[in-house]
Amino acid sequence: MNILFFSTQPYDITYFNQANTDNTHHFRFLEYPLNEDNTALIKDETAVCIFVNDKADAAVIRLLKEKGIRLIALRCAGFNNVDLKAAAEAGMKVVRVPAYSPHAVAEHAVTLLLALNRKIYKSYNRVRDNNFTLSGLEGFDVYGKTVGVIGTGNIGAVFCRIMLGFGCKVLAHDVYNNQELMEAGVTYVAPETIMAQSDIISLHCPLTQDTKHLINAHTIHQMKRGVTLINTSRGGLIDTKAVVEALKNGHIGALGIDVYEQEEQLFFQNFSGTIIQDDVLSRLTTFPNVLVTAHQGFFTREALTQIAETTLTNIAAFEKNEPLKNEITQG
Ligand code: NAI
């Protein structure tokens, strides 16, 4: 099948060419994102392959249909950037990669937590500057702390188990309780209890209408003073302006984010040498207790291999008219 890739990075080309073992598929890789303007770049492709910040809203889907696109293959798990209703109305199938190394993202959440807590980013710079002092680097024992996890699907479940391994008390909230996690020692509670009792909160639920701005001025107010907040899920889960206020007044003690509400304007691109116009992100990066990574949770060899293989399996199933195991539909 002819497939047009949007938002392509060099590693996409490497891993997708590697997975296309017998050259079954023909790829064309574009660096540009999918949006209304760039659908004009489609030639003779049947499928588009897109990533987290490509936009497949109703207007784009209409244009994709006009260009003969019949399949949107997401090379990621989250699908909040696709209008599934519009896709269904256009007779277009949408597939994704529901699970690819949940360890990659869960381990990145732990990385953010530990790096923030022990100020690794500061000590790295200090030592390089021959400054071997410790003042300001003090952290806390993660052991024995209460960790609140919102969303215990593939990634959240791995994160819970890692935190149990650290000797933490793990509280969780999800619309479904995971029996195996409960047996492992996780306690499911209401979101208010997570907010009120957790020393560390990590978000692992998808971005939906229900979860948008789950972390806002009201829920921050319910949290313990000095809480560490980690978000590797989707930026829209957090009302960033409310979080900035809470960082300023010390209610939030530390923030580690791999995702950001307005990330599609910035992430995966190099703006060094440019003036960033996003004042909220610029403010965030001035805090000494904030660590921002640019959506790299998924970025391990294992995950990239699985993403490429599953995406091509999804596309092959569509081509052969076989059941689409990883199709996403509305509702
Ligand atoms: P999943 O679908 O396996 O798990 C999501 C869980 O959230 C499910 O158990 C679901 O029941 C729960 N959930 C849904 N609505 C909820 C609500 N209102 N309150 C509490 N829980 C709710 O998804 P997975 O693979 O664990 O991924 C989680 C999120 O991580 C994705 O949606 C995506 O946004 C993000 N992600 C980030 C990556 C990165 O590189 N930073 C890479 C992959 C995913």
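Residues numbered from 1 in each chain as written. Predicted model: local features only at pLDDT ≥ 70, side-chain atom pairs only at ≥ 80, totals over all residues. Heavy atoms only, no water.

Looking now at the site of the ligand. Surrounding the ligand, one finds 24 residues, the nearest of these being Asn-154, Ile-155, Asp-174, Thr-232 and Asp-258. In this structure, an oxygen atom belonging to the ligand sits 2.9 Å away from a main-chain N or O atom of Asn-154. Measuring from an oxygen atom of the ligand, one finds a backbone N or O atom of Phe-298 at 3.0 Å. Its free accessible area being 860 Å², the ligand has 85% of it covered by the protein chains. Here the shell around the ligand is built from residues that sort into 10 nonpolar, 11 polar and three charged. (Near = heavy atom within 4 Å. Polar contact = N/O pair within 3.5 Å; in protein donor to acceptor, adjacent residues only side chain to side chain. Areas by Shrake-Rupley, 256 points an atom, 1.4 Å probe, with all protein chains shown as cover. Nonpolar A, V, L, I, M, F, W, Y, C, P; charged D, E, K, R; others polar.)

Let us look at the sheet that holds strand S5 (residues 93–95). Spatial ordering of the open sheet is given by S2-S1-S3-S4-S5, a layout of five strands whose pairing is parallel. Lying at the two open borders of the sheet, with one neighbouring strand each, are strand S2 (26–29) and S5. Within the sheet, the average angular offset between the axes of one strand and its neighbour, ignoring direction, is 20 degrees. Both strand S1 (residues 2–5) and strand S3 (residues 47–50) contribute to a ladder of three bridges, which runs parallel. (Pairing = 2+ DSSP bridges. Helix = DSSP H or I, 4+ residues; strand = E, 2+ residues; numbered from the N terminus. Axes fitted to C-alpha atoms, helices over the stretch in contact; angles between N-to-C directions.)

Taking the UniProt record as the reference, the feature "domain: D-isomer specific 2-hydroxyacid dehydrogenase catalytic" (unreviewed entry) is found at residues 3–328. Measuring from the first to the last C-alpha atom of residues 3–328 gives 19 Å, for a span that is 35% helix and 15% strand. (UniProt positions renumbered as here; feature names shortened; annotations may be inferred.)

The biggest cluster of nonpolar side chains holds 52 residues, and the ones touching the most others in it are Ile-50, Ile-61, Leu-64, Ile-72 and Val-82. Put simply, the parts of the chain that give this core at least two residues each are S1, helix H1 (10–19), S3, helix H2 (58–66), strand S4 (71–74), helix H3 (84–89), S5 and helix H12 (301–319). Per-element accounting of this core gives the leading share, eight residues, to H12. Listed in part, the 32 residues of the second largest apolar core include Ile-201, Met-223, Val-227 and Val-243. (Core = buried A, V, L, I, M, F, W, Y, C linked by side-chain atoms within 4.5 Å. Buried < 20%, exposed > 50% of the residue type's maximum accessible area, 1.4 Å probe, protein only.)

Moving on, we come to the pairing of S4. Of the two faces of S4, the one lined by Leu-71 and Ala-73 and the one lined by Ile-72 and Leu-74 are each fully buried. With four bridges joining them, S3 and S4 adopt parallel strand pairing. Bridged to Ala-47 within S4 is Leu-71. Between the parallel pair S3 and S4, the chain is carried across by H2, and the sense of this crossover is right-handed. Note that S4 and S5 share three bridges and pair parallel. Across the sheet, the residue bridging to Ile-72 is Val-94, located in S5. Where the polypeptide runs from S4 across H3 and back to S5, its parallel neighbour, the crossover connection is right-handed. (Right-handed = clockwise from strand over helix to strand, strands pointing away.)

Let us look at the domain arrangement of the chain. One can read the domain layout of the chain as domain 1 (2–100 + 300–319) and domain 2 (102–292). Taking the mean C-alpha position of each, domain 1 and domain 2 sit 30 Å from one another. The interface of domain 1 with domain 2 comprises 12 residues on the first partner and nine residues on the second. A combined buried area of about 870 Å² lies between domain 1 and domain 2, and 54% of that area is made up of carbon and sulfur atoms. In terms of surface lost to domain 2, no three residues of domain 1 exceed Asn-53, Asn-80 and Tyr-100, which account for 50% of the buried area on that side. Inspection of the domain 1/domain 2 interface yields zero salt bridges. Our count for the contact surface shared by domain 1 and domain 2 stands at three residue pairs in polar contact (both at pLDDT 80 or more). (Domains from an automatic or database assignment. Contact = heavy atoms within 4.5 Å. Buried area = accessible area lost by both parts, 1.4 Å probe. Salt bridge = Lys/Arg side-chain N within 4 Å of Asp/Glu carboxyl O.)

Another aspect to go through is the pattern of salt bridges. A complete count under the given rule lists seven salt bridges for this structure. One salt bridge connects Arg-28 with Glu-45, and the closest N-O pair in it is separated by 2.8 Å. Pair noted here: Arg-28 is in strand S2 and Glu-45 is in the loop between S2 and S3, with a separation of 17 residues, a long-range link. For Arg-28, a relative accessible area of 23% translates into the label partly exposed.

Before going further, it helps to spend a moment on the environment of Ala-157. Mapped onto the fold, Ala-157 is located in helix H6 (residues 154–165). Among the residues examined, Ala-157 registers a relative accessible area of 14% and is labelled buried. In contact with Ala-157, not counting residues within four places along its chain, are Thr-152, Asn-178 and Leu-181.

Following the sequence through the fold, Ser-233 ends up in the loop between strand S10 (227–231) and helix H10 (240–248). On the basis of relative accessible area, Ser-233 is assigned to the buried category, the value being 13%. A polar contact is formed between the side chain of Ser-233 and the backbone oxygen of Cys-205, at a distance of 2.7 Å. If we ignore the near neighbours within four places in the chain, the residues touching Ser-233 are Leu-203, His-204, Cys-205 and Val-259.

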